[in-house]
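# Coordinates in review
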Amino acid sequence: MVNLVCQLMLDTDFLVLDEPTTGLTAACSMFTVECLREFTSKGRIAIATFNQPTFEMFKQFSKVALIADGQLVYIGSNRNMLPYFSSLRYPCPLFTNPCDYYVDLVTVDYESFQTIEESMERVRRLADLCIQKTLSVSDPGAPYVLPAKYAQARPARQFTVLLRLRISRFACLDTLWVLLYSSLLSLLIGMIYSNINLMLQGNDTFPNLTQLAIDDRVGFTFVIIFVAALPELFRLIADG
C-alpha cells in the first residue's frame, strides 16, 4: 500500500501492480480500486492482478483478463464477460459473485484424476476459444503502407522540446500558486530579518553592534510557517 501511494505521488503515467489489495480489509480494498479507477480516468494506464475480487470491485474494472494455468481464457470488458461465458454454456448462477464463479470454473481441480482431466480439458477448450475470439477481432493484418523509419532529432531540437515541456509544466495553475506562495513567504522572511545586527554584545572590535532580538524573529518565523500549514492540516483532518 505504501509503495502504491509513493507511485501515485510521483504522478506517473503507467502502473503495474501485483495484488495491491492483499492483506487489506474490504473497505480498504475498495478504496484502493477506486483510487486506481480515478487514476485511469485521466488517460493513464494501470495493470493489476487481483485474487477473487468482490463484485463491487469487479464493476470498477474497465478491462478484464482471466488467466488459468498460464493460459488466457478471457480478455475484454467486464460487461461482456458474463454474456461471453453464457454463450459458451457457462452462465453465472443467480446471486453468485461472477469473479468467484469463473475463477473456480477455470481452476484445475486436484481432488481426483478424473476431476484433474476434466478441469484441464475445460481450461484448454476455453483457452482455444479465447484465442480464436481475439484473433478474429483484434488482428487487422499487415498494414498496407509500412510507416517510415523515424530519424533521431538533433540535440538542439531535443533541447527545445524538453525546454517547452518544462515551461508548460511550470505554467500550470498548481505550479504558479506554489511559486507565488514561495515568493511571498521568502519576501516576508527577508523583511523580518532586514536591518538586523548579527554581531554579539561585548565585541571589542565593533562595540556598538548588538544582536537585536534575533530569537524573537526566529520564533515569529516559526509561527508564520505553522499558521501557513494550518489550512492543509485542517483539510487532511476533514478528509480523513
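Residues numbered from 1 in each chain as written. Predicted model: local features only at pLDDT ≥ 70, side-chain atom pairs only at ≥ 80, totals over all residues. Heavy atoms only, no water.

## Overview of the pattern of salt bridges
Selection criterion: Whenever a carboxyl oxygen of Asp or Glu lies within 4 Å of a side-chain nitrogen of Lys or Arg, that contact is scored as a salt bridge. Numbering of helices and strands runs from the N terminus; a helix is a DSSP stretch of H or I covering at least four residues, while a strand is a stretch of E covering at least two. The rule is simple: take the accessible area with a 1.4 Å probe, protein chains only, and divide by the maximum for that residue type; under 20% is buried, over 50% is exposed, in between is partly exposed.
According to the stated counting rule, one finds three salt bridges in the structure shown. Ionic pairing is found between Asp-13 and Arg-44, a salt bridge with its closest N-O pair at 3.8 Å. In this pair, Asp-13 is assigned in the loop between helix H1 (2–9) and strand E1 (14–18) and Arg-44 in the loop between helix H2 (26–40) and strand E2 (45–49), connecting sequence segments 31 residues apart. Given the relative accessible area of 52%, Asp-13 is considered exposed.

## Description of the layout of surface pockets
As a reminder, the rule being used: Only protein atoms enter the 1 Å grid used here. Points where a 1.4 Å probe fits but cannot escape make up a cavity, open sets with protein on both sides within 12 Å along at least five of seven lines make up a pocket, and a residue lines them when an atom lies within 4 Å of a point. Grid points are joined across faces, edges and corners, and a volume is the space filled by probe spheres set on the points. In this classification, the charged set is Asp, Glu, Lys and Arg, the nonpolar set is Ala, Val, Leu, Ile, Met, Phe, Trp, Tyr, Cys and Pro, and all remaining amino acids, among them Gly, are polar.
Size it by volume and the largest pocket reaches roughly 1100 Å³. Elements that contribute at least two residues to the lining of the largest pocket include exactly H2, E2, strand E3 (64–68), strand E4 (71–76) and helix H5 (98–105). One number sums up the size of the second largest pocket: a volume of about 160 Å³. In terms of lining residues, the second largest pocket is bounded by Leu-8, Asp-11, Cys-35, Glu-38, Phe-39, Lys-42 and Arg-44. Looking at side-chain class alone, the lining of the second largest pocket contains three nonpolar, no polar and four charged residues.

## Some points on the pairing of E3
The condition that has to hold: Strand pairing follows a simple DSSP-based rule, namely that at least 2 bridges must link the two strands.
Every second residue of E3 is oriented toward a common face, the buried set being Val-64, Leu-66 and Ala-68 and the non-buried set Ala-65 and Ile-67. Note: E3 against E4, five bridges, orientation antiparallel. Looking at the pairing, Val-64 lines up with Gly-76 of E4. Counting the residues between successive antiparallel strands, the hairpin from E3 to E4 contains two residues, one of them, Asp-69, with a positive phi of roughly 55°.

## So, the nonpolar core
Applied cut-off: Buried Ala, Val, Leu, Ile, Met, Phe, Trp, Tyr and Cys residues that are joined via side-chain atoms within 4.5 Å together make up what is termed a nonpolar core. The contact criterion used is simple: two residues touch if any of their non-hydrogen atoms lie within 4.5 Å.
Formed by 23 residues in total, the largest nonpolar core has its most connected members in Val-73 and Phe-85. Sorting the residues of this core by element identifies H2, helix H3 (55–58), E3, E4, helix H4 (78–87), H5 and helix H6 (113–138) as the ones contributing at least two each. For this core, the element with the most residues is H6, which contributes four residues. Among residues more than four places away in sequence, those in contact with Val-73 are Leu-66, Ile-67, Ala-68, Tyr-84, Phe-85, Val-106, Val-123, Leu-126, Ala-127 and Cys-130. Leu-15, Leu-17, Leu-36 and Phe-39 belong to the second largest nonpolar core, which has five residues in total.

## Some remarks on a nonpolar patch on the surface
So the rule is basically this: Within the patch definition used here, like charges are joined within 9 Å and nonpolar side chains (Val, Leu, Ile, Met, Phe, Trp, Tyr) within 5 Å, considering only residues with over 30% relative accessible area and no salt bridge. Note that accessible areas follow from Shrake-Rupley with a 1.4 Å probe, and for residues the cover is restricted to the protein chains shown.
Taken together, the side chains of Phe-14, Val-16, Ile-45 and Ile-47 define a hydrophobic patch exposed on the protein surface, amounting to about 390 Å² of accessible area. Mapped onto the elements of the fold, Val-16 is located in strand E1. Assessed through its relative accessible area of 60%, Val-16 is described here as exposed.

## Considerations on the side chain of Thr-115
Selection criterion: Whenever a nitrogen or oxygen atom comes within 3.5 Å of another N or O atom, the pair is scored as a polar contact, on the condition that within protein one atom can donate a hydrogen and the other can accept it, and that pairs from neighbouring residues in sequence are kept only if both atoms are in side chains.
Relative to the elements of secondary structure, Thr-115 occurs in helix H6. Classification of Thr-115 as buried rests on a relative accessible area of 17%. Polar contacts involving the side chain of Thr-115 include one to the main-chain carbonyl oxygen of Ser-112, which spans 2.8 Å. For Thr-115, the contacting residues outside a window of four places in its chain are Asp-109 and Tyr-110.

## So, the confidence of the model for the chain
Reading fine detail from the predicted coordinates is not recommended where pLDDT is low. This is how it is decided: pLDDT runs from 0 to 100 and stands for how confident the predictor is about each residue.
Of all residues in the chain, 72% attain a pLDDT of 70 or more, and the chain-wide mean is 76. By mean pLDDT, the top-scoring element of the chain is H4 (88), and the lowest-scoring one is helix H9 (residues 214–239) (68). Low confidence marks residues 199–203, where pLDDT is under 50. Its contacts with residues over four positions away, or in another chain, come to six contacts.

## Describing a negative patch on the surface
Just so we agree on the cut-off: In this tally, Lys and Arg are treated as positive and Asp and Glu as negative; His is ignored, and so are the chain termini. A charge is said to be at NZ when it belongs to Lys, at CZ for Arg, at CG for Asp and at CD for Glu.
Taken together, the side chains of Asp-109, Glu-111, Glu-117 and Glu-118 define an acidic patch exposed on the protein surface. Relative to the elements of secondary structure, Glu-118 occurs in helix H6.

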